[in-house]
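Here's the letter readout for the chains.
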Amino acid sequence: GGRGGGGGGYRGGGGGPYDRATTAPDGGGGDSGRFDDDTPGDRGTRYEGGGGGGGYGYGAEAGRARPPACSFNELVASLRAIDGRQYSAYKMLEERNWLFAPPAQPGSHPGSGAGGGMGEVPVGRASMSGLVPFLLTFARVQSDAYAPPSQVVIGLSTAAAALPALLLSTKVRRVATADFLQRTLLRACSTAGADVKAEGGGWRGAKGGELEISSPSNFVLERSAVEVMPDGAVVARLAVGLPAAGRSVLGGMASQVLTATLPALVGAALSAAGKQAGVRPAPGQPGAGVLLDVPGLLAHAAHAELQSMLRDALPSSGLVAFVGNGAILPRASGASGAPLAAAIATPFLSPTSLEVILSVPRTDLSPYTSLPPSSRPDSSTVGEDSVRVRGLGIRPGVTVIAGGAYHGKSTMLRAFETGVYDVARGDGRELVVAVPSAWKLSAEDGRSVSSVDITPFLTNLPGKSNGAVEAWSTTCASGATSQAAGLIEGLEAGCGLFLLDEDSSAANFMARDSLMAQLVPPQGEPLSALLHKVRALCNPSTSAQKQHQPSSFVLALGACGAWLAVADTVLVMRDFLPIDQTEAAAQLVQAQGGRGALAPQVALGGASLNFGREPVAAAFKTALTGRLNVRGKRSLVWSAPKGGYGPGRGGEQAGADVNDRDGAGGFGSGEAVASVAPDETELDLNLIAQLVEPAQARAVGCGLQHAAYRLMRSGKSLSAILREIDAEIDRSGLGSALGLPDSGQLARPRPLEFAAALNRLRGAQFSISASSQRTLVGGAGAAVEDDWNK
């Protein structure tokens, strides 16, 4: 954000029309303004008024403009003026932008001529109290002290943030930088006690006054809470509980929060200017003991960049996943994301036979990384222009992770699940990466399925034609059919690596032993086990589903030995360390009659395999009517307000409003609802293991609404919609693309998570066009499968 000189227009007063493309009005009565950054739609872009005119550039939210910013002193005076008035008086905060900066010297900056108001304010130098300048905007003011807290947007210019230039050159670096700033601000709020809400004292007791920012997980995700722009400007989105006594404004308390606590925290946590100037918050001041750790920031970004480059290097290295030596995979507990204490944790070490070296380019951030000694190759193999990491490489095909209970099978599989994301430095899994299309496939008893072609796994249902399973729909799937549907949906969404844990899979979907096959012959069993079709999914030469990419599988198993017959690699975990048992497993299989006897392979089959499946927009709009609520960590509920939901104005989507009172990583302390009311639509995503934050679930819900009201139309397939959502986020930013530009409660999901939600929504409908119906049974692959069985 920025401000113009005096006489600039705000929907009139000599001002020009609001331009949705540049998000700023033309100046009036003088030269038009200019942008410091010509990137359209970036919140925080400064717009300087020229001469006696100019205007104001608010940011990414189209159709909204604000008058020039008011000063710090004006905010203090305004809060003093409304002290004791009705709570609704706080609404005046939405009508202005509030500039926290040293006063400008008259005549020394553009816009300070006659009739020129405050003019341009210098940025980049701290005030006498050691604080940096920023712009405060109230995106939403709460209706009363008991409502969800108000949403504010804080903008720091490039010079005010003073971030090292090398952190701005790539998106990976900017996301990691924003993640670090968010963690620092959260820690500063907690240290100062600024996140504690005043309450008690009865009706007239002081309430509110808390500052909250979304709490990140161990993962480095693109979030809306803090964003770093390509030019180094910083935008932070927080919640502020505006204080009250009963329903009366507490202006003095609000002034303390907004003009003392907030500026101190912003200066301590969101800017490197104080660090560079040697400024440190005074003891007892908010932010004391917390100052942006620039060396730590550089190391944080360096480790995120290394993980991203290792992940990008997997395909060219012939791998689908990688674990670097020295990684700490075990967690402190099953309910914790923190690593097991180093004193008792076993650092990962790859079997020599499966050890590989991943090489990535050396960058200007590489000196800030620190690798475990066991992951470093011999000095003779290290090039000056590259960083090389030694560890276990997982190759395409079928990998079985076996071992006794509590020896680390599921722990290793979980590391691959989260290897699609970068992790924060200190997590222990910094050297664990998987291809971005890796997907955890589990049984989900009771889930909804709509128009999924599960004929590869389910045929000849009693009393039903094959058409029933070519577009299979049910409101309550069994464990096996839900897992079969999930696999086909994963193929449709572009999954290249399926991760399966025996503990969370349906036994009859995974395998069927020879004794049971003799008791119930194949012609009497409609269900085909994955064991007998996995090679058709893995091997391009035998894969009948040419429109989908070949898939790989990593399975954590402890009971079904038949999977050894189809495995390309077999690992046995012992005390959290892998042992290569591929040759031993092959010998055992041969002794039992060979792979054809233990796991005969058949063609995949299928009618359409969901190729070209299209969502029906009307059904999705009906299911998504109402206000979106996030309950718990991964449960979304759309509920209609009292009196029903009327049509949105101007074509707005009916469910665009989001309630952030989820009580689990969000703002407020709303209680989870034990059951779903008849007028509610629930979407349970608790078994979507790679949704790692409530903010991701919220983004998924907003993405569904956006897709239903903006993207779904006849002739557009689900896979095309997924690509379009991802492209819009890249182009416009997370909040703007999903319709919540001021929310600080969003984290970016992958297209696979969006697809999972679309497929599990109750009431959703899909259509499969006639041109997509094709027979894929048998064909050239059958001869190769016969050869495999021999």
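Here, every reference points to the structure presented above.
Computed from a predicted structure; not experimentally measured.

Before going further, it helps to examine the overall build of the chain. Secondary structure summary: the chain contains 20 helices and 34 strands in total. Taken over 790 residues, the chain has a buried fraction of 57%. Counting only contacts in the chain whose residues sit at least 6 apart along the sequence, the fraction spanning at least 24 positions is 75%. Within the structure as shown, the chain displays about 30600 Å² of accessible surface, and the carbon and sulfur contribution to it stands at 53%.

Attention now goes to the nonpolar core. Counting 91 residues, the largest nonpolar core has Leu487, Phe553 and Trp563 as its most contacted members. Broken down by element, this core gets its largest block of residues, nine residues, from helix α16 (residues 694-711). Not counting residues within four places of it along the chain, the set of residues in contact with tryptophan 563 comprises Val398, Val400, Met510, Ala511, Leu530, Leu531, Val534, Leu555 and Leu557. Leu163, Ala176, Ala272 and Ala302 belong to the second largest nonpolar core, which has 67 residues in total.

Interaxial distance between helix α3 (residues 171-192) and helix α6 (residues 294-312) falls to 9 Å at its minimum, and their mutual angle equals 135°. When the axes of α3 and α6 are compared, the pair comes out oblique. As α3 packs across α6, the resulting crossing turns out to be right-handed. Across from Val172, Arg173, Ala176, Thr177, Asp179, Phe180 and Arg183 in α3, the residues of α6 making contact are Gly296, Leu297, His300, Ala301, Ala304, Glu305 and Ser308. Tallied by class, the residues present in the contact of α3 with α6 amount to six nonpolar, four polar and four charged.

This brings us to the side chain of threonine 369. Relative to the helices and strands, threonine 369 resides in the loop between β17 (355-361) and β18 (386-394). Here serine 366 takes part through its backbone oxygen, which lies 2.7 Å from a polar atom of the side chain of threonine 369. If sequence neighbours within four positions are ignored, threonine 369 has contacts with Ala302 and His303.

This part takes up the side chain of serine 551. With respect to the helices, strands and loops of the structure, serine 551 is situated in the loop between α12 (534-538) and β26 (552-556). We classify serine 551 as buried; its relative accessible area is 1%. Apart from residues lying up to four places away in sequence, serine 551 is in contact with Leu491, Cys495, Gly496, Phe498, Leu537 and Cys538.

The sheet built from six strands is open, its strands ordered β22-β25-β26-β19-β27-β28 with mixed pairing. One side of each edge strand has no neighbouring strand; the edge strands of this open sheet are β22 (438-440) and β28 (577-580). Taken pair by pair, the neighbouring strands of this sheet meet at an average axis angle of 20°, ignoring direction. In terms of strand pairing, β22 meets strand β25 (residues 497-501) through three bridges, oriented parallel. Among the inter-strand pairings, tryptophan 439 is bridged to a residue of β25, identified as phenylalanine 498. Contacting β19 (398-403), β22, β25, β26 and β27 (569-574), helix α7 (residues 409-418) crosses the sheet at an angle of about 150° to β25.

Phi angles above zero are rare outside glycine, and alanine 162 is one such case at about 55°. Structurally, alanine 162 can be placed in the loop between α2 (158-161) and α3.

Here the focus is helix α4 (residues 251-269). Because an α-helix completes one turn every 3.6 residues, residues spaced three or four positions apart along the sequence face the same direction. Over its 19 residues, α4 runs 26 Å from end to end, which matches the ideal 27 Å to within 8%, given 1.5 Å per residue. Taking the largest bend as the criterion, α4 deviates by roughly 30°, centred on leucine 262, and proline proline 263 comes between one and four positions later. Of all 19 residues in α4, 15 are buried, a share of seventy percent or more.

Okay, the sheet that holds strand β21 (residues 432-434) next. In spatial order, the strands read β17-β18-β16-β21; together these four strands make up an open sheet with antiparallel pairing. Either end of the sheet is taken by a strand with one partner, and the two such strands are β17 and β21. Pairwise comparison of adjacent strand axes, ignoring direction, gives a mean angle of 35° for this sheet. Pairing of β17 with β18, which is carried by seven bridges, proceeds in the antiparallel orientation. What sits directly across from leucine 358, in β18, is valine 389. Contacts from α6 reach β17, β18 and β21, with the element oriented near 115° to β17. Running over the sheet, α7 touches β16 (321-324), β18 and β21 and is turned about 115° from β16.

For the coordinates displayed, the defined rule picks out 27 salt bridges. Here aspartate 730 ties to lysine 171 by a salt bridge, and the two come within 3.4 Å at their closest N and O atoms. With aspartate 730 in helix α17 (residues 718-732) and lysine 171 in helix α3, this residue pair connects regions lying 559 residues apart in the sequence. Classification of aspartate 730 as partly exposed rests on a relative accessible area of 48%. By relative accessible area, lysine 171 is classed as partly exposed at 35%. In the salt-bridge network here, residues are joined through shared partners; they are Lys171, Glu222, Asp726, Asp730 and Arg748.

Okay, the environment of alanine 147 next. By the element assignment, alanine 147 lies in the loop between β7 (134-140) and β8 (150-156). Spatially, the C-alpha atoms of alanine 147 and glycine 241 are 8.9 Å apart, while their sequence positions differ by 94 residues.

Axis separation between helix α1 (residues 72-81) and α4 bottoms out at 8 Å; the angle between their running directions is 155°. Taken together, the axis directions place α1 and α4 in an arrangement best described as roughly antiparallel. Here α1 runs over α4; the crossing is right-handed. Counted together, Phe72, Leu75, Val76 and Leu79 of α1 and Gly251, Ala254, Ser255, Leu258 and Thr259 of α4 form the full contact between these two elements. Among the residues forming the contact of α1 with α4, the class breakdown is six nonpolar, three polar and no charged.

Another aspect to go through is the pairing of β16. By the alternation rule, side chains of β16 split into Ala321 and Val323 and Phe322 and Gly324, which are all buried. Inspection of the sheet shows β16 paired to β18 by four bridges, in the antiparallel sense. When the sheet's bridge partners are listed, glycine 324 is paired in β18 with glycine 391.

Conventions and cut-offs
- Residues numbered from 1 in each chain as written.
- Predicted model: local features only at pLDDT ≥ 70, side-chain atom pairs only at ≥ 80, totals over all residues.
- Heavy atoms only, no water.
- Helix = DSSP H or I, 4+ residues; strand = E, 2+ residues; numbered from the N terminus.
- Buried < 20%, exposed > 50% of the residue type's maximum accessible area, 1.4 Å probe, protein only.
- Contact = heavy atoms within 4.5 Å.
- Areas by Shrake-Rupley, 256 points an atom, 1.4 Å probe, with all protein chains shown as cover.
- Core = buried A, V, L, I, M, F, W, Y, C linked by side-chain atoms within 4.5 Å.
- Axes fitted to C-alpha atoms, helices over the stretch in contact; angles between N-to-C directions.
- Parallel < 35°, antiparallel > 145°, perpendicular 65-115°, else oblique.
- Left-handed = near helix turned anticlockwise from the far one by under 90°.
- Nonpolar A, V, L, I, M, F, W, Y, C, P; charged D, E, K, R; others polar.
- Polar contact = N/O pair within 3.5 Å; in protein donor to acceptor, adjacent residues only side chain to side chain.
- Pairing = 2+ DSSP bridges.
- Expected span 1.5 Å × (residues − 1).
- Bend = angle between axes of the 7 residues up to and from the residue.
- Salt bridge = Lys/Arg side-chain N within 4 Å of Asp/Glu carboxyl O.

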